[in-house]
Amino acid sequence: MFKAKIIGLGKYIPKRVLTNHDLEKMVETSDEWISSRTGIKERHIAAPEETASTMGAEAAKKAIQMSGISHEEIEMIIFCTITPDMLFPASACLVQDILKIPNTGTVDIEAACSGFIYGLSMANAYIVSGMVKNVLVIGSEVLSRFTDWEDRNTCVLFGDGAGAAVVSRTEEKDPSGIIGFKLKGDGSFRDLLYVEAGGSQKPASHETVEKKLHTIKMNGNATFKVAIRTMSEELLELLAETKISSDDINLLIPHQANERIIAGVADRMNFPKEKVFMNLSKYGNTSSATIPIALAEAFEEGRIHKGDSIALVAFGGGLTSGACVFKW
Ligand code: ACO
C-alpha cells in the first residue's frame, strides 16, 4: 500500500480588483452591508483573455515548481471547476496543452465549491491504488462570467482565481500525508444554488439569455444555514472516524464563502478562531479555487509547519460537501 501527500502548492490571482466601493456604483449596496454580512472587502476579476484553464495553468506552474518534479512525471490532471472554458473539451486537456505535459490523463470534475476536496480524494485514490505516482489537482474559476451584475444578492459574493496542488506517492510509513476524506452529495438541495441554462435541460436560446438563466441564482438564507450544519457535521464525522481530536488540528482551512458561515462552523466545533485560516476579505468566494488558494497562501505565510495536522472542509451547489485531514 502507498500513501499520498501534497508536495507542491501554487495560486494565481487575476490583477483587476473590484472593491465593495466599486460595487456601490453598480448596484444598490454598501461597503458596510457587504463587509458586515460576508466579511468580503474586495474580489479579483479575470481579464477578458483569461479563462479557467489559463489561470489554472499559472497556478499549476507554481505548484509544479515547488514540488521539484518534472512535467514528464505528472500522470494525471484533475481540473475542478464549475466555470470551464467550454462544455468540452475538458479544461484539464487545455492545461495539458498550455504546459505541454507529455504523458498524462486529463479529466474535469464538477462538485462546485467542494470540487477541490473531491479532486484531492480522486488523486489520493489513484495514488493509493498504485495506478499513478503524481497527480496535478487544480481548482480554477471565472465566476465573474456567470454573475448577474445587476443582482445585489449574488454579485457581491463571488470572485475569480485559481489554486493547484501536486499530490505524490509516498511510503506508508511516512508520518506526513493524507489521512482521510468524507464526501457527501444531496441533489434534493439543488435549488439552493444553480445556473439553470446552458446544459441539455435548457440549451442556450434567445429566451434563456433574455431571462438571464446563464447566471448564478441563489437562496442565500437557506444556503447559509445548510452550510454551517453540513460543514461542521461532516468534519466532526471525519475526525471521529480517523480518531483525531479537534484539539490536534493545527489549522482549519474552510471553503471561503462567508466569514459568518466560517465563524458558525468554528463555534459549533468549539474550534478557536486563531486556528482557522481566512482570506475571503481579499478574494470573495472563488468556489472550487478557495481551498487551494488558501492552502497556498497559508503555506506562503508560514502558517503550515512540518508535522502539522490540517483539516479542509467545504460545501457547495448540488449540494455537495467534503472534508479532508492530512499531515504536512
Ligand atoms: N446590499 C444591500 N442589501 C442587500 C444586498 C446587498 N448586496 N443583498 C441583499 N440585500 C438585502 C436583501 O434584499 C434583504 O432586504 P429585505 O429585508 O428588504 O428583503 C436584506 O438585505 C437581508 O437579506 P438576507 O438575505 O436576509 O441577508 P443575510 O443576512 O442572510 O445575508 C447573504 C445574505 C450574505 C447572501 C447570506 O445569506 C449568505 O452568505 N448566504 C450564503 C451564501 C453563500 O455562501 N453562497 C455560496 C455558497 S456555495 C458556493 O460557494 C458555490
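Rules of the game
Residues numbered from 1 in each chain as written. Predicted model: local features only at pLDDT ≥ 70, side-chain atom pairs only at ≥ 80, totals over all residues. Heavy atoms only, no water. Helix = DSSP H or I, 4+ residues; strand = E, 2+ residues; numbered from the N terminus. Contact = heavy atoms within 4.5 Å. Areas by Shrake-Rupley, 256 points an atom, 1.4 Å probe, with all protein chains shown as cover. Near = heavy atom within 4 Å. Polar contact = N/O pair within 3.5 Å; in protein donor to acceptor, adjacent residues only side chain to side chain. Nonpolar A, V, L, I, M, F, W, Y, C, P; charged D, E, K, R; others polar. Domains from an automatic or database assignment. Phe/Tyr/Trp six-rings, centres within 6.5 Å; stacked < 30°, edge-to-face > 60°. Lys NZ or Arg CZ within 6 Å of the ring centre and 35° of its normal. Pairing = 2+ DSSP bridges. Axes fitted to C-alpha atoms, helices over the stretch in contact; angles between N-to-C directions. Salt bridge = Lys/Arg side-chain N within 4 Å of Asp/Glu carboxyl O. Buried < 20%, exposed > 50% of the residue type's maximum accessible area, 1.4 Å probe, protein only. Buried area = accessible area lost by both parts, 1.4 Å probe. Parallel < 35°, antiparallel > 145°, perpendicular 65-115°, else oblique. Left-handed = near helix turned anticlockwise from the far one by under 90°.

A. Quick look at the overall build of the protein. On a plain count of helices and strands, the protein comes out with 11 helices and 13 strands. C-alpha extents for the protein along the principal axes are approximately 55 × 45 × 35 Å. Summarising the internal contacts of the protein: among those between residues at least 6 apart in sequence, 77% fall at separations of at least 24. Counting every atom, the protein has about 14100 Å² of accessible surface; 53% of that belongs to carbon and sulfur.

B. A look at the site of the ligand. Close contacts around the ligand come from 23 residues, with T29, R37, C113, N258 and N285 the closest. A distance of 3.4 Å separates a nitrogen atom of the ligand from a polar atom in the side chain of W33. The side chain of R37 places a nitrogen or oxygen atom 2.7 Å from an oxygen atom of the ligand. Protein burial of the ligand: of its 1000 Å² of free accessible surface, 75% is covered by the chains. For the shell around the ligand, the element with the highest residue contribution is helix α8 (residues 220-241), accounting for four residues. Across the shell around the ligand, the residue classes tally to nine nonpolar, 10 polar and four charged. Both domains that meet at the shell around the ligand, namely domain 1 (2-171) and domain 2 (177-327), each give it at least three residues.

C. The arrangement of the packing of aromatic side chains in detail. Counted under the stated rule, the structure contains one aromatic pair. When the ring of F299 is compared with that of W328, the centres are 5.4 Å apart and the planes differ by 45°; the resulting orientation is tilted. Taken together, the residues span a long stretch of sequence, with F299 in helix α11 (residues 290-300) and W328 in the segment after β13 (320-327) at a distance of 29 residues. If you follow R169 out to its NZ or CZ, it ends over the ring of F2, 3.7 Å from the centre.

D. Structural detail: the sheet that holds strand β8 (residues 177-185). Taken together, four strands build an open sheet; the order of strands is β8-β13-β12-β11 and the sheet is mixed. Of all strands in the sheet, those with a lone pairing partner are β8 and β11 (251-254), marking the two edges. On average, each strand axis in the sheet is inclined to that of its neighbour by 10°, with strand direction left out of account. Packing against the sheet, helix α5 (residues 115-128) makes contact with β8, β12 (309-316) and β13, and its axis sits at approximately 125° to β8.

E. View of the pattern of salt bridges. The full count for this structure, using the stated rule, is 16 salt bridges. Where K5 meets D174, a salt bridge forms, and the shortest distance between an N and an O atom there is 3.0 Å. Taken together, the positions of K5 in strand β1 (residues 2-12) and D174 in the loop between β7 (160-171) and β8 put the pair 169 residues apart, joining distant regions of the chain. Taking the shortest distance from any N to any O, the salt bridge between D31 and K41 comes out at 3.2 Å. With D31 in helix α2 (residues 31-38) and K41 in the loop between α2 and β3 (42-45), this pair connects stretches of sequence that are 10 residues apart. The class for K41 is partly exposed, based on a relative accessible area of 40%. Each member of the salt-bridge network shares a partner with another, and the members are K11, K282, E297 and E300.

F. Geometry of the environment of V95. Positionally, V95 belongs in helix α4 (residues 91-99). A relative accessible area of 0% places V95 in the buried class. Between the C-alpha atoms of V95 and F79, which are 16 residues apart in sequence, the distance is 8.7 Å. Beyond its immediate sequence surroundings of up to four residues, V95 is in contact with S53, A57, I77, F79, K100 and I138.

G. Highlighting the domain arrangement of the protein. Taken as a whole, the protein is organised into domain 1 (2-171) and domain 2 (177-327). On a C-alpha basis, the centroid separation for the pair domain 1 and domain 2 is 14 Å. Tallying the contact residues gives 52 residues for domain 1 and 47 residues for domain 2. A combined buried area of about 3900 Å² lies between domain 1 and domain 2, and 66% of that area is made up of carbon and sulfur atoms. The largest share of the area that domain 1 buries against domain 2 comes from K11, C113 and I117, three residues that together contribute 17% of it. In this structure, the connection of domain 1 to domain 2 is made through four salt bridges.

H. Structural context of the environment of S53. Among the secondary structure elements, S53 is positioned in helix α3 (residues 52-67). Along the primary structure S53 and V135 are separated by 82 residues, whereas in three dimensions their C-alpha atoms are 17 Å apart. Apart from the residues lying within four places of it in its own chain, the contact partners of S53 are F79, D85, S91, L94, V95 and I98. For S53, the side chain forms a polar contact with the side chain of D85, separated by 2.7 Å.

I. Just α11, in detail. When you tally the buried positions in α11, you get nine out of 11 residues, the bulk of the element. Just downstream of α11, G302 is the residue with a positive phi angle, here 75°.

J. Broad picture of the packing of α8 against helix α9 (residues 259-268). Between α8 and α9, whose axes approach to 9 Å, the crossing angle comes to 40°. As far as their axial angle goes, α9 and α8 are oblique. Crossing hand, α8 versus α9: right-handed. In this structure, α8 contributes F224, A227, I228, R229, M231, S232 and E233 to the contact, and α9 contributes R260, I261, G264, V265 and R268. Per-class residue counts for the contact of α8 with α9 are six nonpolar, two polar and four charged.

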